[in-house]
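Architecture at a glance
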Amino acid sequence: MSSDLDVQCLPYMPLQIERLRKSKAWLRCKRNPEIAFYMVNLWMRAWHEIPAGSIEDDDDVLADAAMCSPEKWEELKDDILKGWDRRDGRVWHSTVIEIATEAVGKLRVNKSRTAAAREARELQRQPSVTDTVTENVTDSVTEHEGKGREEKGIEDKTTSDDVVAAAPSISQDFAFEAQSIRLTAANLEQWRKAFPHVALEAELWALDEWAGTKGNKWFTAVSGALAKKERAAVDRVSTAAAVRDRGGGQRRADPRI
């Protein structure tokens, strides 16, 4: 077990549905659904702790992480913490650790593949001895064509909301880097401003595998997908505001309070 296991770069935590549904922990939650709320909160807190899968073994910290009142924590903590191990001043959840370790492994593989692909392309760019004689001629021919393709790419790779951003080149440093989606800081910030109602990084991770099926057109495809999600989010906000303005969003006073 790594003492520096870190998945804070991942905004999501995979949920193994069948494994959870068949677990004894979920059976206890069926009898007392309140426990499920506290358990899931602890898992989410442990996911973004370092080391991932652990939390400081302190009742105040744990109750806060579970979003549980101190009084209720004292009553239910034995049930909530079943499946957690205590050592080194922290509580550890083996399943969260296992999933985090798998996620880190996938991130490393993706980064290795990206680095290998970048290195291979860089090597292809380096002129060989036999290319030296024709280098100037080749440059003069391809410079104009390359510029035309680049300008066309900038024009093509726009969203329906007029987001103008060129797909990042291979040689640039990336602020967001998944297996298929790679964005420079400028591209990422431009999308963040264009899609303010979208959880950008979370959506990019979710779209990454799909983007890989789009080949060289992934940038256009992802731009369109984000624009669609942005419009849907704006529509939801507008609908909620309209309902609220009509009084539909006002809650009646509870006579019991």
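Going by the structure above, here's the rest.
In what follows, the accompanying structure is described.

So, on to unusual backbone geometry. Cis peptide bonds are those with omega within 30 degrees of zero, and the linkage from Ile50 to Pro51 qualifies with 0°. The backbone of Met67 shows a phi angle near 60°, a positive value even though the residue is not glycine. Along the chain, Met67 falls in the loop between α4 (59-65) and α5 (70-80). Of note, the phi angle at Asp88 is positive, near 55°, even though the residue is not glycine. For Asp88, the position within the fold is in the loop between β2 (84-87) and β3 (90-93). With a relative accessible area of 69%, Asp88 lands in the exposed category.

Sheet architecture is open: three strands sit in the order β1-β3-β2, paired in antiparallel fashion. The outermost strands of the open sheet, each flanked by one partner alone, are β1 (54-56) and β2. Strand-to-strand twist in this sheet, taken as the mean axis angle between neighbours without regard to direction, amounts to 25°. Taken together, the three bridges between β1 and β3 define a ladder with antiparallel strand orientation. Paired with Ser54 across the bridge in β3 is Trp92. Contacting β1, β2 and β3, helix α3 (residues 33-47) crosses the sheet at an angle of about 95° to β1.

For the rest of this paragraph, the subject is the side chain of His93. With respect to the element layout, His93 can be found in strand β3. Given the relative accessible area of 10%, His93 is considered buried. With residues near it in sequence (within four places) discarded, His93 still touches Trp43, Gly53, Gly83 and Trp84.

Rules behind the numbers
- Residues numbered from 1 in each chain as written.
- Predicted model: local features only at pLDDT ≥ 70, side-chain atom pairs only at ≥ 80, totals over all residues.
- Heavy atoms only, no water.
- Helix = DSSP H or I, 4+ residues; strand = E, 2+ residues; numbered from the N terminus.
- Buried < 20%, exposed > 50% of the residue type's maximum accessible area, 1.4 Å probe, protein only.
- Pairing = 2+ DSSP bridges.
- Axes fitted to C-alpha atoms, helices over the stretch in contact; angles between N-to-C directions.
- Contact = heavy atoms within 4.5 Å.

Worth remembering: the numbers are spatial, not functional.
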